[in-house]
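Structure assessment
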Protein chains: 2
Amino acid sequence: MRDVHIDRLVEIVGERRCLWRPHQVKAYACDGYTAEEGLPRAVVFPESTDEVARICRYLYENDIPYLPRGAGTGLSGGATPTGGEVVISLARMNKLLAVDFDNLRAVVQPGLVNLTLTRRVSHADCYYAPDPSSQSVCTIGGNFAENAGGSHCLKYGVTTNHVVAAKVVLPDGDVIDVGAPFGDAPGYDLLGLLVGSEGTLGIATEITVRILKKPQALRTALAYFDRVADASDTVTDIIGAGIIPAAIEMMDQLAMQAVDKSNYHVGYPTDIEAVLLIEVDGLAAGVDEVMARVVEICRRHRVREVRVAQSDAERALWWSSRKMAFGAMGRISPDYIVQDGVIPRTRLTEVLQKIDEVSRRYGLKIANVFHAGDGNLHPLILYDSRVPGEAERAVRAGSEVLRACVDAGGSITGEHGVGIEKIGEMAYMFSEDEIHAQRAVKSCFDPKGIVNAGKLIPLPGRCVEVKRAREIIEENWQILNSFPDQAAVQARGAFVQEPGREASTSAQG
Amino acid sequence: MRDVHIDRLVEIVGERRCLWRPHQVKAYACDGYTAEEGLPRAVVFPESTDEVARICRYLYENDIPYLPRGAGTGLSGGATPTGGEVVISLARMNKLLAVDFDNLRAVVQPGLVNLTLTRRVSHADCYYAPDPSSQSVCTIGGNFAENAGGSHCLKYGVTTNHVVAAKVVLPDGDVIDVGAPFGDAPGYDLLGLLVGSEGTLGIATEITVRILKKPQALRTALAYFDRVADASDTVTDIIGAGIIPAAIEMMDQLAMQAVDKSNYHVGYPTDIEAVLLIEVDGLAAGVDEVMARVVEICRRHRVREVRVAQSDAERALWWSSRKMAFGAMGRISPDYIVQDGVIPRTRLTEVLQKIDEVSRRYGLKIANVFHAGDGNLHPLILYDSRVPGEAERAVRAGSEVLRACVDAGGSITGEHGVGIEKIGEMAYMFSEDEIHAQRAVKSCFDPKGIVNAGKLIPLPGRCVEVKRAREIIEENWQILNSFPDQAAVQARGAFVQEPGREASTSAQG
């Protein structure tokens, strides 16, 4: 509904950069996690820190809930509105502001696409290391919010290891600089706190990241194993030998089947249980010797065949088949949920057996495609949403898999975040005191509890600031409903049915 | 004074582990930063998380200020009482609780000495990477509090990159687990927030750290340069070539003079302006080639002589001469202040010139010994405390050096923390809004503002919780003064004179 608040937002960003009609904002009612949660009240597209600050200040002063949004590729619902919020899209703030090749730093706006940064610095033999599978579309601001990982974080670390400073608009519109482009930032590590906070504590509008020199040389191997256990032991022994590969990825039989039916046909043997994709990098003088040791360790664990890529094209095919594996699931199943748990890598075999047991008990196939080197599992739970009850069963199976990860000493997320999706599992992983400490941090940044409310931290009914947030959201819905626009009512209808935690059908990986 | 509070602490830890007589607690009135700030009310030595929690809960409930303490080697005063606090010494919690060699994790108590951890895992070819110069005495708990660095953090990162989880006693005595031994910890990065928080937000009682496999091979070079600018350019070009040495240390002429007068006589040429100590590590196959490239880059910048260590003994001597350089200052000056600023490494030459200019303007010699690879300067400002006004001049010169670092795009600390020492410079580096955000975090963990109050975050007089903390501290002083013990009165006398920010004379590095 166009009301005084929309008028005020239009004053800040102009008519063309403020969407508020229900058919316009409907596209922003979801992200990579689920089809639709709630319809936003409006979507604004600021182009500067100052505009973001003015928007946030106005919304906060007027108790209007809001949330930031990057490319919307997140898999846990961090950018999904719960209904009635203003979405602040950073899509138009997509500039590379500065690069310092001597000191290996780049300053970017949050809407810059991850891979674009690498492309823009590659002429100087540099790149940006974090490489989520969605890197060709996801933004560095979204990576910042979710502390995104990627295949190469085994050696190079996740987003928090590559962000060194940021300009941040706090919930009430104050602008602060956190971190330090060079050296330790004195005081509390607010930058570290903000990275991975899923847009609940503030909006980064300028991000300073490390860029790296490209490694002199790369060697990539594909290793086929008759048994998953042998592949798992190989992973443990490679790390135990003091080798830190750039990446060790694993896929199981079901995942290989899906990939071989897709456009990235590698021709995996149909009867092997696991394939490892192992990459080592470094100085030209050393990589061949390292790869020779990796091959030797594979052989010690009964590898059926191990091949080293003979060309860039071969390496690119192997990587594409891995990075597109999630999307390839569409070839073997109408729907799937991608999970994201972490375990100590020595417990891979045991937890994969547990996943197999869950799969049989629920009568649902589960494919495994994952970052084996750091024990970051991505079980893909296949189901058919047309079969009554199957979606709910898939959600429950996924939750059981995550609990198995926690029981094995791991975590409920490696790189996809908590968002809406894993709020329930937070209480399995953390004690009430631990969640209370998290909530205290939230309320110190956002005492009204209206910035991306309902994400990341489970909020008990008894919590005052949450009640306030819910009241505000309900008020907004009442305002929206009082507007006699059929589209809005219809859109809200879709929301009000509220089918619970719909299973993800995203093709991001 | 023995009062009801001391009685209660004795009930928790026993008579032998609670010191309260002024002559007993006097040794805890300072750390590596300064001779003496304030006398603690008592010093307790808990032996378990439960004891720490019970102590904190009691003190917090009764509004008694307290602070934690490791080995007391910190250089910025983080463990120095301001007067009247209870000091919680973690010295007796010094166990290595568990090691998982397959997954490369160790769980330690906070009082474990840094180097002891490396010694205890070295039989399995493992080590703990952060290596402050004080590593033979400083504790991992203290490293956690200060986010300690070391010579090898150029390649391996600082403490926060090596701590993965911790059990933490919050100010009010609640115990929570933060981080995750494996994988991303969901929710806010409270672990990252606690590392480097200088004991102002809680006390880590169990710390899970990464251990690393020792590199297969090391090569160490010593390179003499006629001109500082050539040494600086060499550093920039090594990094620019995509080489990440394990360490690049620099010393200037004055530092070399001091070291050569000490027990670690290397025999540096007396007429060179700078020496670089460069170490590369990795797989045996690669290191010789890398070192050859390093040597070539040194030659390109007119190195007078470059030598590669021919034995472990030679390497050990070179490293000892570097690590003991701070202590060696005693050979050339009665007193010195060690500063700790960071700059972009491309601005080394320019900032070293600025330091030289400060040195001449203040009429004080300044030696430079530092981690050149990551631009972490340690100017050593030499003075004679017997000359009236010279100590104050040295403090002012140090402050000017730090401001030059900030002006060059750097930071007021690389690894020594803020503590008491750099509270003044915080306001130079941060805006009022930025400091306010830090304060908000502090008050969310410690609403009474009584845990290690007066450290890290500048507290304005108008801040309510600070006033409360000051009142409590003053009350405690009144209690202490009402006790007719000459020693206490004398001790307090030393405190009350309050000579301002006394210059450091610590030998830690």
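Residues numbered from 1 in each chain as written. Chains lettered and ligands numbered in written order. Predicted model: local features only at pLDDT ≥ 70, side-chain atom pairs only at ≥ 80, totals over all residues. Heavy atoms only, no water.

What to know about the sheet that holds strand β1 (residues 18-19) of chain B
Residues and elements named next belong to chain B. Rules: Two strands pair under a simple rule: DSSP has to find at least two bridges between them. In DSSP terms, a helix is any run of H or I states spanning at least four residues, a strand is any run of E spanning at least two, and both are numbered starting from the N terminus. Contacts between residues were defined by any pair of non-hydrogen atoms, one from each residue, lying within 4.5 Å. Between the N-to-C directions of two axes lies an angle of 0 to 180 degrees, each axis being a line fitted to C-alpha atoms and, for a helix, fitted only over the stretch in contact.
Taken in spatial order, the 4 strands line up as β1-β2-β4-β3 in an open sheet, and their pairing is mixed. Since the sheet does not close on itself, it has two edges, and those belong to β1 and β3 (66-69), each with one partner. Two strands pair when backbone bridges link them, and β1 and strand β2 (residues 42-44) are joined in this way by 2 bridges, in the antiparallel orientation. Within β2, the position partnered with Leu 19 by the bridge is Val 43. Docked against the sheet, helix α3 (residues 49-61) engages β2, β3 and β4 (86-89), running at close to 165 degrees with respect to β4.

Digging into the sheet that holds strand β9 (residues 175-179) of chain A
Residue and element names in this part refer to chain A. Read from one edge of the open sheet, 5 strands run β5-β6-β10-β8-β9, paired in antiparallel fashion. In the strand order of this sheet, the two ends are held by β5 (96-100) and β9, each with one partner. The mean inter-strand angle of the sheet, taken between neighbouring strand axes irrespective of direction, is 15 degrees. Of the pairings in the sheet, the one linking β5 to strand β6 (residues 105-108) comprises 4 bridges and is antiparallel in character. Bridged to Leu 96 within β6 is Val 108. Each of β5, β6 and β10 (203-210) touches helix α4 (residues 114-121); the most contacted strand, β5, lies at about 45 degrees to it.

Quick notes on the interface of chain B and chain A
Stated formally: The term buried area refers to how much accessible surface (probe radius 1.4 Å) is lost by two components on association, counted for both of them together. A pair is scored as a salt bridge if a Lys or Arg side-chain nitrogen falls within 4 Å of a carboxyl oxygen belonging to Asp or Glu. Between N or O atoms, a polar contact is any pair within 3.5 Å; within protein, one atom must be a potential hydrogen donor and the other a potential acceptor, and residues adjacent in sequence are included only when both atoms are from side chains. Under the scheme applied here, ten amino acids are nonpolar (Ala, Val, Leu, Ile, Met, Phe, Trp, Tyr, Cys and Pro), four are charged (Asp, Glu, Lys and Arg), and all others, including Gly, are polar.
Contact residues are listed per partner, giving 62 residues for chain B and 62 residues for chain A. A per-residue breakdown of the area chain B buries against chain A is headed by Asp184(B), Pro186(B) and Tyr188(B), which together make up 16% of the total. Applying the counting criterion to the chain B and chain A interface returns 0 salt bridges. Where chain B meets chain A, there are 12 residue pairs in polar contact (both at pLDDT 80 or more). Those elements that provide at least two residues to the side of chain B that touches chain A are β9 (175-179), α7 (190-194), α8 (228-240), α10 (284-300), α15 (423-429) and α16 (432-445) of chain B. Looking at which element gives the most residues to the side of chain B that touches chain A, the answer is α16(B), with 9 residues. The residue inventory of the side of chain B that touches chain A, partitioned by class, reads 30 nonpolar, 20 polar and 12 charged.

What to know about the packing of aromatic side chains
All names here are of chain B. Applicable threshold: The aromatic pairing rule takes the rings of Phe, Tyr and Trp, using the six-membered ring of Trp, and pairs them if the centres are within 6.5 Å, calling planes under 30 degrees apart stacked, those over 60 edge-to-face and the rest tilted.
All told, the structure shown has 6 aromatic pairs over all chains when counted by the stated rule. Centroid distance Tyr 127 to Tyr 156: 6.4 Å. Interplanar angle 85 degrees. Geometry classified as edge-to-face. Of this pair, Tyr 127 sits in strand β7 (residues 126-127) while Tyr 156 is found in helix α6 (residues 153-156), placing the two residues 29 residues apart along the sequence.

Brief notes about the environment of Ala204(A)
All names here are of chain A. Quick note on the threshold: Burial classes follow relative accessibility: with a 1.4 Å probe on protein chains only, a residue under 20% of its type's maximum area counts as buried, one over 50% as exposed, and anything between as partly exposed.
Along the chain, Ala 204 falls in strand β10. Judged by its relative accessible area of 10%, Ala 204 falls in the buried class. In this structure the C-alpha to C-alpha distance between Ala 204 and Val 168, which are 36 residues apart in sequence, comes to 4.3 Å. Setting aside anything within four residues of it in sequence, one finds Ala 204 in contact with Pro 110, Phe 144, Ala 166, Lys 167 and Val 168.

Digging into the relation of the copies chain B and chain A
Note the following rule: The atoms used to superpose the copies are C-alpha atoms, taken from residues with pLDDT of at least 70 in both, and the fit is least squares.
Take chain B, turn it by 180 degrees, move it 0.0 Å along the axis, and it overlays chain A with an RMSD of 0.0 Å. The transformation just described matches what one would write down for a two-fold rotation axis. Ranked by how close their C-alpha atoms come to the rotation axis, the residues of chain B are headed by Gly286(B), at 2.3 Å. Taken as a fraction of all interface residues of chain B, those also at the interface in chain A reach 100%, which identifies the copy contact as same-surface.

Digging into the nonpolar core
In summary, soluble globular proteins display a tendency toward joint burial of nonpolar side chains. As a reminder of what qualifies: Each nonpolar core is a collection of buried residues, namely Ala, Val, Leu, Ile, Met, Phe, Trp, Tyr and Cys, held together in the definition by side-chain atoms within 4.5 Å.
Core analysis: the largest hydrophobic core is formed by 182 residues, its most contacted members being Leu117(A), Leu117(B) and Leu190(B). Ranked by residues supplied to this core, first place goes to helix α14 (residues 390-407) of chain A with 8 residues. If sequence neighbours within four positions are ignored, Leu117(B) has contacts with Leu96(B), Ala106(B), Val108(B), Leu112(B), Tyr128(B), Ile140(B) and Val209(B).

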